[in-house]
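# Notes for the structure review
This is what each chain is made of:
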Amino acid sequence: MSGRLAAVAATMVLLAALPAEARTVLTGGAFGQGLFGTAGVLAHLLGLLAVGLWAGQSGGPAVWQLPAAALTAALAAGMAARFGVRLPFAGEGLAASLVLLGALVAMGLRAPLVVAILAVAAATVFHGYGQAGPPLFWAGFAASVLLLTSAGVGLVAVLGQAASPRAVQMCGGAVALVGVLDLLGVL
């Protein structure tokens, strides 16, 4: 009986420690830095949400193709930077990407899919350019990009049902405003 009780007690102690270990892995390691570092920067957070908002507004295949284009462009830009390719005016480009993506959402513009993919790719290059880290960082970064763009798509569905499509456009206007304020040096 005491051996069984000891085994149960040891199992309980190990199970109690798992959440602490998971928190350390997610926030302290390279994966956690890629995952949370992106969402922790306002410009990246808003820009990637705006990609999802525009994808949700556009509907159809854009719902998955625009986030895929954002992920591809951001990863390619990050890898290019790692190999020494320089992107002039990267800070200004990041702010301008917020203006572009926010304005597209605010206007509710429905562009042809190829044009939308190119616009998203051009804008998200600036979101991936400043990233650097080992392979686990890139896995976390990729997960963050997909989570944030998916959140934007989901927000369109929720706001469209709960409020109106106008609420989604207002979110886009807010993103564009943050981009303008960043360009002006207010943020």
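Residues numbered from 1 in each chain as written. Predicted model: local features only at pLDDT ≥ 70, side-chain atom pairs only at ≥ 80, totals over all residues. Heavy atoms only, no water.

### Section: the overall build of the protein chain
Keep this limit in mind: Strands here mean DSSP runs of E at least two residues long; helices mean DSSP runs of H or I at least four residues long; both are numbered from the N terminus. For each residue, the accessible area found with a 1.4 Å probe, counting protein chains only, is set against the maximum for its type, and the residue is called buried under 20%, exposed over 50%, and partly exposed in between. Only heavy atoms matter for contacts: two residues are in contact if any of them lie within 4.5 Å across the pair. Residue burial considers only the protein chains on display, and all accessible areas are found by Shrake-Rupley using a 1.4 Å probe.
Helix and strand counts for the protein chain stand at 8 helices and 0 strands. Start at the N end of the protein chain and walk to the C end: the helices and strands fall as α-α-α-α-α-α-α-α. Across the 187 residues in the protein chain, those meeting the buried criterion constitute 36%. Relative to all contacts within the protein chain whose residues are 6 or more apart in sequence, the contacts with residues 24 or more apart total 82%. When the accessible surface of the protein chain is summed, it comes to about 9800 Å², and 75% of that surface belongs to carbon and sulfur atoms.

### Overview of the packing of helix α3 (residues 42-58) against helix α4 (residues 62-82)
This is how it is decided: To obtain an axis, a line is fitted to C-alpha atoms, over the contacting stretch when the element is a helix, and the angle between two such axes runs from 0 to 180 degrees between their N-to-C directions. Roughly parallel here means an angle under 35 degrees, roughly antiparallel means over 145, roughly perpendicular means 65 to 115, and every remaining angle is called oblique. The sense of a crossing depends on the near helix, which, turned anticlockwise from the far helix by less than a right angle, makes the crossing left-handed and, turned clockwise, makes it right-handed. Each residue gets one label: Ala, Val, Leu, Ile, Met, Phe, Trp, Tyr, Cys and Pro are nonpolar, Asp, Glu, Lys and Arg are charged, and the others, such as Gly, are polar.
At their nearest, the axes of α3 and α4 sit 8 Å apart, and the two run at 155° to each other. Comparing the axis directions of α3 and α4 gives the class roughly antiparallel. Relative to α4, α3 is oriented so that their crossing is right-handed. Touching V51, W54, A55 and S58 of α3 are A62, V63, L66, P67 and A70, all from α4. The residue inventory of the contact of α3 with α4, partitioned by class, reads 8 nonpolar, 1 polar and no charged.

### Thoughts on the side chain of H44
Within the secondary structure, H44 sits in helix α3. By relative accessible area, which is 9% here, H44 ends up buried. Not counting residues up to four positions away in its chain, the partners in contact with H44 are T38, L94, F126, H127, Q131 and L148.

### Observations regarding the nonpolar core
This is how it is decided: Take the buried Ala, Val, Leu, Ile, Met, Phe, Trp, Tyr and Cys residues and link them wherever side-chain atoms come within 4.5 Å; each set so joined is a nonpolar core.
If you look at the biggest cluster of nonpolar residues, it comprises 27 residues, and the most contacted ones within it are V51, W54, L66, L98, L101, V120 and V168. For this core, the secondary-structure elements that each account for two or more residues are α3, α4, α5 (90-107), α6 (113-129), α7 (135-162) and α8 (165-183). Per-element accounting of this core gives the leading share, 7 residues, to α3. Not counting chain neighbours up to four residues away, the residues in contact with W54 comprise L66, L104, V105, L109, A111, A116, A119 and V120. Core analysis: the second largest hydrophobic core is formed by 9 residues, L48, L71, V145 and L148 among them.

### Overview of the environment of L155
Summarising the element assignment, L155 is placed in helix α7. For L155, a relative accessible area of 32% gives the class partly exposed. Separated by 103 residues in sequence, L155 and G52 have C-alpha atoms that sit 8.3 Å apart. Aside from chain neighbours lying at most four places away, what touches L155 is L53 and G160.

### Details of the side chain of T149
Inclusion rule: What qualifies as a polar contact is a pair of N or O atoms within 3.5 Å, subject to a donor-acceptor requirement within protein and to the restriction that residues adjacent in sequence count only when both atoms come from side chains.
As for its placement among the helices and strands, T149 is situated in helix α7. Look at T149 and you get buried, because its relative accessible area is 0%. At 3.2 Å, the side chain of T149 forms a polar contact with the backbone oxygen of L146. Not counting the four nearest positions on each side in its chain, T149 is found in contact with L48, V51, G52 and P67.

### Considerations on α8
To keep things clear, this is the line we draw: Working rule for helices: expected span equals 1.5 Å times residues minus one.
Over its 19 residues, α8 extends 28 Å from the first C-alpha to the last, a length consistent with the 27 Å expected when each residue adds 1.5 Å. Where the residues of α8 are buried, they touch α3, α5 and α7. Looking one or two residues beyond α8, the residue adopting positive phi is G185, at roughly 80°.

### Remarks on the environment of A62
Structurally, A62 can be placed in helix α4. On the basis of relative accessible area, A62 is assigned to the buried category, the value being 5%. Ignoring any residue separated from it by four or fewer positions in sequence, one finds A62 in contact with A55, P67 and L113.

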